[in-house]
Amino acid sequence: AQQGAEACLDALTERDYVGIMTLGNSYTEEIELTPRTQREKILSAIDLIDDDESNLNGGTIFSASLERAGKALSALSQVERRHIIIVTDGEPSDGDEYEYWMEENAKLGITMSIVGIQCTASAQALMENVLVKHAGMKKENFHNVNDIASTPEVMREDLQVPEIKDVN
């Protein structure tokens, strides 16, 4: 995920902003929305993400992070495209509460994609379904990564789709 975040950063332009949250039993805002021009500050935040084993064994709560990300992105009035990428095992531990925030973010014009790391078939089906039903996206906005080494490429390519990249 850290390498993927770095790859996304490299795919953005000077007019873009980046915010990073880590998910567990709650979320941690590693860096608030920051202009892409502050590349070193963003890279430092990515490098400092704690991958302590105790954090990896907790739950994955989507709701609070989707709420926070949506509010932060909607407050950013000087950009035309707003996008959230979730990197996950595809098994959120907060029931279906997060679906509400997907719907609210979609109403605000915030697009979303999910990068699943070695997701089971049932987790992939769930993530594709919620993207279509609640985030107003296509099931192709779910990317199941079985080869961990390809995560950065998949995340970088996700930002290149016309719905996100093209600006009038």
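Residues numbered from 1 in each chain as written. Predicted model: local features only at pLDDT ≥ 70, side-chain atom pairs only at ≥ 80, totals over all residues. Heavy atoms only, no water.

Draft legend 1. Representation of the overall build of the chain within the structure. Counting its regular elements, the chain contains eight helices and five strands. Sequence-ordered secondary structure for the chain, helices as α and strands as β, is α-β-β-α-α-α-β-α-β-α-β-α-α. Radius of gyration (C-alpha) of the chain: 15 Å, near the 15 Å computed for a compact globule of 168 residues. Considering only C-alpha atoms, the chain reaches an extent of 40 × 35 × 25 Å along its principal axes. (Helix = DSSP H or I, 4+ residues; strand = E, 2+ residues; numbered from the N terminus. Rg over C-alpha atoms; globule rule 2.2 N^0.38 Å.)

Draft legend 2. Structural view of the packing of aromatic side chains. For the coordinates displayed, the defined rule picks out two aromatic pairs. Between Tyr 100 and Trp 101 the ring centres are 4.8 Å apart and the planes differ by 85°, which places this aromatic pair in the edge-to-face class. Look at Tyr 100 and you get partly exposed, because its relative accessible area is 45%. (Phe/Tyr/Trp six-rings, centres within 6.5 Å; stacked < 30°, edge-to-face > 60°. Buried < 20%, exposed > 50% of the residue type's maximum accessible area, 1.4 Å probe, protein only.)

Draft legend 3. Fine view of the state of the cysteines. Going through the model one piece at a time under the given rule, you end up with zero disulfides. Free cysteine: Cys 8, not disulfide-bonded; nearest cysteine sulfur from Cys 119 at 17 Å. On the basis of relative accessible area, Cys 8 is assigned to the buried category, the value being 9%. (Disulfide = S-S within 2.5 Å.)

Draft legend 4. Geometry of the nonpolar core. In terms of nonpolar packing, the biggest core is built from 20 residues, with Leu 66, Ile 84, Met 102 and Met 112 touching the most fellow members. Looking at which element gives the most residues to this core, the answer is helix H6 (residues 121-135), with five residues. Beyond its immediate stretch of four places on either side in the chain, Ile 84 contacts Leu 66, Ala 69, Gly 70, Leu 73, Asn 105, Ile 110, Thr 111, Met 112 and Ser 113. In terms of nonpolar packing, the next biggest core, distinct from the first, is built from 10 residues, Leu 9, Ile 20, Ala 45 and Ile 46 among them. (Core = buried A, V, L, I, M, F, W, Y, C linked by side-chain atoms within 4.5 Å. Contact = heavy atoms within 4.5 Å.)

Draft legend 5. Layout of the packing of helix H1 (residues 2-11) against helix H7 (residues 151-158). Closest axis-to-axis distance for the H1/H7 pair is 8 Å, and the angle between their directions is 35°. By crossing handedness, the relation of H1 to H7 is classed as right-handed. Residues Gln 3, Gly 4, Ala 5, Ala 7, Cys 8 and Ala 11 of H1 form the contact with H7, whose own contacting residues are Pro 152, Met 155 and Arg 156. Here the residues of the contact of H1 with H7 sort into six nonpolar, two polar and one charged. (Axes fitted to C-alpha atoms, helices over the stretch in contact; angles between N-to-C directions. Left-handed = near helix turned anticlockwise from the far one by under 90°. Nonpolar A, V, L, I, M, F, W, Y, C, P; charged D, E, K, R; others polar.)

Draft legend 6. Broad picture of the sheet that holds strand S3 (residues 82-88). One open sheet accounts for three strands, arranged S3-S4-S5; its pairing is parallel. Across the chains shown, the open sheet's two edge strands, defined by having one partner strand only, are S3 and strand S5 (142-145). Direction aside, the axes of adjacent strands within the sheet are offset by 15° on average. As paired elements, strand S4 (residues 110-117) and S5 share four bridges and run parallel to each other. Paired with Ile 117 across the bridge in S5 is Val 145. (Pairing = 2+ DSSP bridges.)

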